[in-house]
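# Coordinate analysis (summary)
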Protein chains: 2
Amino acid sequence: MSSILDTFAFAKRIPATPSIGSTTVTKPDHIHLSFGFAAPDLFPIELLSQSAADAVTLYGRKALQYSGSGGPGKVLHWIQQRSLVHGIQADSNQILVTYGSTQGIDLATRILVDPGDHVWVESPSFFSALQAFRTAEAHITSFPIDGDGVRVDLIEEALLEAKRNNRPIPKLFYTMPTYHNPGGVTLSLERRKRLAHLAETYNFFILEDDAYSELNFTGDRYPALYTLIPQRVIYLNTFSKIIGPGLRLGWVIADSRVIEKMRLLNLGGSIGVFTQEILAELLQRLPFQEHIDRLIAHYRRQRDVLAAALRASFGDHVTFHLPEGGFYIWLTFRKDVNTSAFVQAAADLGVSFVDGKSFFVNPEGYHHARLCFSYVNEEQLVRGVQHMADAYFDYIGRTVS
Amino acid sequence: MSSILDTFAFAKRIPATPSIGSTTVTKPDHIHLSFGFAAPDLFPIELLSQSAADAVTLYGRKALQYSGSGGPGKVLHWIQQRSLVHGIQADSNQILVTYGSTQGIDLATRILVDPGDHVWVESPSFFSALQAFRTAEAHITSFPIDGDGVRVDLIEEALLEAKRNNRPIPKLFYTMPTYHNPGGVTLSLERRKRLAHLAETYNFFILEDDAYSELNFTGDRYPALYTLIPQRVIYLNTFSKIIGPGLRLGWVIADSRVIEKMRLLNLGGSIGVFTQEILAELLQRLPFQEHIDRLIAHYRRQRDVLAAALRASFGDHVTFHLPEGGFYIWLTFRKDVNTSAFVQAAADLGVSFVDGKSFFVNPEGYHHARLCFSYVNEEQLVRGVQHMADAYFDYIGRTVS
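Per an unreviewed UniProt entry, chain A goes by the name Aminotransferase 4 and belongs to Paenibacillus rigui. If you open the UniProt record of chain A and go to Subunit (unreviewed entry), you find "Homodimer." Under the heading Sequence similarities (unreviewed entry), UniProt records this for chain A: "Belongs to the class-I pyridoxal-phosphate-dependent aminotransferase family."

The next point concerns the overall build of chain A. Assigned secondary structure in chain A consists of 13 helices and 13 strands. Compactness check: chain A gives a C-alpha radius of gyration of 22 Å against a globular reference of 21 Å for 401 residues, within 12% of the reference. Taking the principal axes of the C-alpha coordinates as reference, chain A spans close to 65 × 60 × 60 Å. In chain A, which comprises 401 residues, the proportion classed as buried is 61%. Long-range contacts, defined here as pairs at least 24 residues apart, represent 76% of the contacts in chain A between residues at least 6 apart.

Residues and elements named next belong to chain A. Strand order in the open sheet formed by eight strands is β2-β9-β8-β7-β6-β3-β4-β5, and the pairing between neighbours is mixed. Two strands bound the open sheet, and with one partner strand each, they are β2 (95-98) and β5 (149-150). For strand β6 (residues 172-175) and strand β7 (residues 205-209), the ladder comprises four bridges, and the chain directions are parallel. In the strand pairing of β7, Tyr174 is matched with Leu207. Most of the contacts of helix α9 (residues 256-265) go to β2, to which it runs at about 35°, and overall it touches β2, β7, β8 (233-238) and β9 (250-253).

Within the largest apolar cluster, 273 residues are counted, with the highest numbers of intra-cluster contacts made by Phe133, Ile234 and Phe239 of chain A together with Phe133, Ile234 and Phe239 of chain B. Residues contacting Ile234 of chain B, with those up to four places away along its chain left out, are Ala108, Leu112, Phe205, Ile206, Leu207, Glu208, Val252, Ile253, Ala254, Val258 and Met262 of chain B.

A separate point is the packing of aromatic side chains. Residues and elements named next belong to chain A. Taken as a whole and judged by the stated rule, the model has 57 aromatic pairs over all chains. Considering the side-chain rings of Phe342 and Phe353, the 5.6 Å spacing of their centres and the 45° angle between planes classify their relative orientation as tilted. Taken as a pair, Phe342 in the loop between β10 (328-332) and α12 (343-349) and Phe353 in the loop between β11 (351-352) and β12 (354-355) lie far apart in primary sequence, eleven residues in all. The two residues Phe342 and Phe353 agree in class, both being buried. Each residue in the set Phe314, Phe333, Phe342, Phe353, Tyr392, Phe393 and Tyr395 is aromatic and connected to the rest through ring pairs, giving one cluster. The residue whose ring lies beneath Arg232 is Phe205, and the NZ or CZ to ring-centre distance is 4.7 Å.

This part takes up the domain arrangement of chain A. When the parts come together, some accessible area is lost, and that loss is often what is quoted as the size of the interface. Residues and elements named next belong to chain A. When cut into domains, chain A gives domain 1 (2-44 + 290-399) and domain 2 (46-285). A straight line from the C-alpha centre of domain 1 to that of domain 2 covers 24 Å. Counting residues at the interface gives 32 residues for domain 1, matched by 37 residues for domain 2. Carbon and sulfur atoms make up 63% of the surface buried where domain 1 meets domain 2, a total of about 3200 Å² over both sides. When the area that domain 1 buries against domain 2 is broken down by residue, the three leading residues are Pro44, Glu324 and Val361, summing to 22%. Scanning the region where domain 1 abuts domain 2 turns up zero salt bridges. Applying the counting rule to domain 1 against domain 2 returns eleven residue pairs in polar contact (both at pLDDT 80 or more). For the side of domain 1 that touches domain 2, the secondary structure elements donating two or more residues are α11 (288-314) and β10. In terms of residue count, the dominant contributor to the side of domain 1 that touches domain 2 is α11 (seven residues). In the side of domain 1 that touches domain 2, the residues fall into 19 nonpolar, seven polar and six charged.

So, about helix α4 (residues 100-112) of chain A. For α4 of chain A, spanning 13 residues, the distance from its first C-alpha to its last is 19 Å, which sits close to the expected 18 Å at 1.5 Å a residue. Judged by how many residues are buried, α4 of chain A sits mostly within the fold: 13 of 13 residues are covered.

Let us now look at the sheet that holds strand β10 (residues 328-332) of chain B. Residue and element names in this part refer to chain B. With respect to topology, three strands assemble into an open sheet ordered β10-β13-β12, the strand pairing being antiparallel. At either end of the open sheet lies a strand with only one pairing partner, and these are β10 and β12 (354-355). Examined bridge by bridge, β10 and strand β13 (residues 368-372) share five bridges and lie antiparallel to one another. Its bridge partner lying in β13, Trp330 is registered against Arg370. Sheet strands touched by helix α11 (residues 288-314): β10 and β13. Its angle to β10, the strand with the most contacts, is close to 20°.

So, about the relation of the copies chain B and chain A. Between chain B and chain A, which share one sequence, the superposing operator has a rotation angle of 180° and an axial displacement of 0.0 Å; the RMSD is 0.0 Å. What the rotation and shift describe, once combined, is the action of a two-fold rotation axis. Using C-alpha coordinates, one finds that chain B approaches the rotation axis most closely at Ala53 of chain B, a distance of 2.5 Å. Same-surface contact between copies: 100% of interface residues of chain B are shared with the interface of chain A.

So, on to the side chain of Arg370 of chain A. Residue and element names in this part refer to chain A. Relative to the assigned elements, Arg370 resides in strand β13 (residues 368-372). Although buried, Arg370 forms no salt bridge, and the nearest oppositely charged side chain, Asp355, lies 9.5 Å from it. Reaching out from Arg370, the side chain makes a polar contact with the backbone oxygen of Ser34 at a distance of 2.9 Å.

Bringing the environment of Val351 of chain A into the picture now. Residue and element names in this part refer to chain A. Here Val351 shows up in strand β11. Spatially, the C-alpha atoms of Val351 and His32 are 6.0 Å apart, while their sequence positions differ by 319 residues. Not counting residues within four places of it along the chain, the set of residues in contact with Val351 comprises His30, Ile31, Leu33, Ala346, Gly384, His387 and Met388.

On the chain A side, the residues contacting the 78 residues of chain B number 79 residues. Note on chain B versus chain A: buried area summed over both sides is about 7700 Å², and carbon and sulfur give 63% of it. Linking chain B to chain A there are two salt bridges. We note a salt bridge from Arg110 of chain B to Asp106 of chain A, for which the minimum N-O separation is 3.1 Å. Contributions of two or more residues to the side of chain B that touches chain A are made by α1 (2-6), α2 (45-63), α4 (100-112), α5 (127-135), α9 (256-265) and α10 (273-285) of chain B. Counting residues per element, the side of chain B that touches chain A draws most heavily on α2 of chain B, which supplies ten residues.

Another point: the pattern of salt bridges. Scanning the entire structure with this criterion turns up 36 salt bridges over all chains. For Asp304 of chain A, the salt bridge goes to Arg303 of chain A, with nearest N and O atoms at 3.0 Å. Asp304 of chain A gets classed as partly exposed once you look at its relative accessible area, which sits at 36%. Between Arg194 of chain B and Glu156 of chain B there is a salt bridge, with the nearest N and O atoms lying 2.5 Å from each other. Residue Arg194 of chain B is located in helix α7 (residues 189-202), and its partner Glu156 of chain B is located in helix α6 (residues 152-164); the two are separated by 38 residues in the primary sequence. Each of the salt bridges in this network shares a partner with another, and the network as a whole consists of Asp54, Lys74, Glu281 and Arg285 of chain A.

What follows is about the packing of α4 of chain A against α9 of chain A. To describe two helices that pack against each other, one gives the angle between their axes and the distance between the axes. Residues and elements named next belong to chain A. At a minimum axis distance of 9 Å, the contact between α4 and α9 shows a crossing angle of 100°. The angle between α4 and α9 falls in the class roughly perpendicular. Contacts from Gly104, Leu107, Ala108, Arg110 and Ile111 in α4 reach Val258, Lys261, Met262 and Leu265 in α9. Of the residues belonging to the contact of α4 with α9, the class tally is six nonpolar, one polar and two charged.

Cut-offs and rules
Residues numbered from 1 in each chain as written. Chains lettered and ligands numbered in written order. Predicted model: local features only at pLDDT ≥ 70, side-chain atom pairs only at ≥ 80, totals over all residues. Heavy atoms only, no water. UniProt positions renumbered as here; feature names shortened; annotations may be inferred. Helix = DSSP H or I, 4+ residues; strand = E, 2+ residues; numbered from the N terminus. Rg over C-alpha atoms; globule rule 2.2 N^0.38 Å. Buried < 20%, exposed > 50% of the residue type's maximum accessible area, 1.4 Å probe, protein only. Contact = heavy atoms within 4.5 Å. Pairing = 2+ DSSP bridges. Axes fitted to C-alpha atoms, helices over the stretch in contact; angles between N-to-C directions. Core = buried A, V, L, I, M, F, W, Y, C linked by side-chain atoms within 4.5 Å. Phe/Tyr/Trp six-rings, centres within 6.5 Å; stacked < 30°, edge-to-face > 60°. Lys NZ or Arg CZ within 6 Å of the ring centre and 35° of its normal. Domains from an automatic or database assignment. Buried area = accessible area lost by both parts, 1.4 Å probe. Salt bridge = Lys/Arg side-chain N within 4 Å of Asp/Glu carboxyl O. Polar contact = N/O pair within 3.5 Å; in protein donor to acceptor, adjacent residues only side chain to side chain. Nonpolar A, V, L, I, M, F, W, Y, C, P; charged D, E, K, R; others polar. Expected span 1.5 Å × (residues − 1). Least-squares fit on C-alpha atoms with pLDDT ≥ 70 in both. Lys, Arg positive; Asp, Glu negative; His and termini not counted. Parallel < 35°, antiparallel > 145°, perpendicular 65-115°, else oblique.

Laid out in structure tokens, this is it:
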């Protein structure tokens with residue numbers, strides 16, 4: 001059986017391996033600082049249970065058909081209204097509900113990128129996005145971030161250089177400008193404006209991943225890139241961080257012609273109709289701003305606990321930007337540290353984190369690590385950091401003289 | 001705004017237009033013989049409502065995370081057990097749950113087909129599959145069906161010819177061997193065996209779409225192609241026809257290396273986790289064989305009503321194969337009839353059907369039409385056929401002397 005299949009050629013564009021390494025977990029009380037998961041205690045379970053039962057009872061016969069009952073329309077309307085709060089105006093033909101924002105990334109890539117086309121990304125960047133670009137056989141170039149987000153000045157230089165030498169302009173620049181995953185940084189207003197200007201001048205699309213923007217710990221708001229240049233931005237958001245990732249529902253906002261192309265790739269199917277019926281009922285019952293305020297208070301506290309634990313356990317061995325929102329703290333170790341070298345040792349002690357290399361296009365970023373403060377509780381945050389520090393200092397003791 | 005976007009190049013592989021035409025519907029009591037929808041009265045609404053409420057209450061916190069609680073595992077187990085009833089043995093790493101079988105088609109195409117690769121299909125074929133192959137920039141060749149399914153002898157001739165002239169062998173042959181959509185025919189046992197032999201000899205994959213096989217009106221069963229040559233078949237099935245399409249859940253069964261490649265394209269995301277939690281609860285409560293028997297009895301009666309209505313209204317103006325299962329009757333008119341020429345007139349009278357051309361690779365099949373007997377009730381079946389006949393005879397009177 002295997003001998004026959006071995007002679008068969010898979011499509012060239014399919015990557016050989018998953019984008020992110022995994023460690024072996026043995027302890028039952030293992031602490032997952034690697035998981036970018038929402039805090040389960042904050043899920044609106046009771047309202048959701050009622051919503052689920054009622055959606056089926058009230059709309060079940062239609063809800064189970066291909067196009068559903070009124071649910072998808074109500075979810076679309078909710079997205080429109082909530083977007084307005086953030087200054088984003090979109091007609092209904094400019095919105096597409098997707099299976100999480102990863103499907104949004106995949107669709108944007110597939111409608112825009114032919115093999116060999118250029119995609120530019122941040123360094124570090126979200127691994128699932130990198131995988132989508134690799135699968136599309138894109139030529140990927142990355143630009144570093146600092147405390148104010150991606151270095152737009154370097155992007156501008158590269159564009160000028162490309163134009164001067166008649167080299168290709170990117171089809172797409174993928175960015176997470178607000179509460180970056182994994183970097184935790186936020187793109188400054190000045191850089192946002194400059195980036196929007198560049199997209200217009202050089203005629204490329206910005207793929208703006210705004211998954212974390214509702215989780216704003218400071219009250220400071222930056223305009224979405226979409227509001228600065230709507231015709232050059234494909235905007236992505238998701239219910240994963242504000243309701244729950246298991247729903248697998250997100251959305252895209254873009255020019256109606258972009259949305260129309262994306263719809264074609266869904267082969268005529270509506271997205272998660274049954275889930276949308278339930279979500280529509282939930283959104284009607286859930287006092288959304290109260291819910292978000294509760295999430296923000298909780299995640300801000302968790303961030304502070306993680307930051308304090310890191311300072312206590314690692315001292316000046318790590319630096320990090322204190323994120324103003326989102327889920328992640330991004331650690332920078334000394335240049336000669338390789339976090340992949342102690343990720344399994346940490347797992348053996350009972351904690352997992354994501355080693356830096358997973359977030360980079362090229363073999364680099366080994367001296368970084370991503371910790372997520374959203375999923376585990378405060379006690380686990382502290383204990384997890386201690387385990388990680390134990391693994392780190394043991395590694396340091398063995399490798400650095 | 002539009003002038004800027006117009007200068008932007010979408011990926012070449014994206015089709016310009018949707019795969020299936022649509023008519024304008026004006027009447028509130030319009031009869032949709034075009035929709036391949038399940039009968040809404042047969043949805044297990046009460047059980048589903050309880051299942052939804054309980055799944056959230058019992059497993060909500062985990063059910064809303066990326067990987068869910070036990071639901072996906074239970075659904076997988078159910079698929080394994082039910083497959084055994086049909087002679088299909090599969091390990092858990094050979095099964096992938098998908099967003100309906102259309103995602104299965106899309107994933108199979110993307111892992112196998114590079115631009116310019118050859119895909120062979122039946123003529124007629126399912127339009128969403130054709131769209132997936134077009135999007136992958138495949139070179140598509142089609143082979144006619146008759147009352148015993150696709151003409152495997154012509155496929156064999158073409159393979160021989162290709163080999164003799166050193167021309168490309170297909171990467172994929174897409175087929176719906178049982179209760180074909182739209183043809184209503186079933187591939188004979190002899191042809192199944194021959195096709196399996198060809199796949200082995202010439203080393204191509206069969207993409208077996210088995211969406212309708214549970215809806216078996218006669219009790220006669222043919223082995224799935226997968227059981228004849230598992231290492232050369234990617235098998236697709238779906239909950240759409242047996243529970244409800246709104247769930248958007250189907251599955252793929254294939255060699256574990258095929259499944260692994262498909263997983264990579266999902267960019268790490270689990271499929272419809274929350275819906276799977278609910279479905280798992282439902283499958284535990286639903287006496288499945290009783291449920292299927294009820295569906296079969298209903299759809300068989302509907303088929304008979306539609307067939308009788310067609311004979312009464314059209315006489316010898318149409319021929320069709322009486323399907324032994326599934327949802328569809330496929331009409332063949334006289335060669336010079338063009339069903340696209342009266343599809344809007346029929347819609348104006350209050351009935352829609354799908355005109356033949358939507359199911360073909362090339363501009364052909366104009367003298368066919370697909371009618372679906374699953375969705376509307378008996379009275380509507382009869383009245384719909386009368387409207388269609390009125391539109392047809394009016395068209396005939398105007399065009400044929």
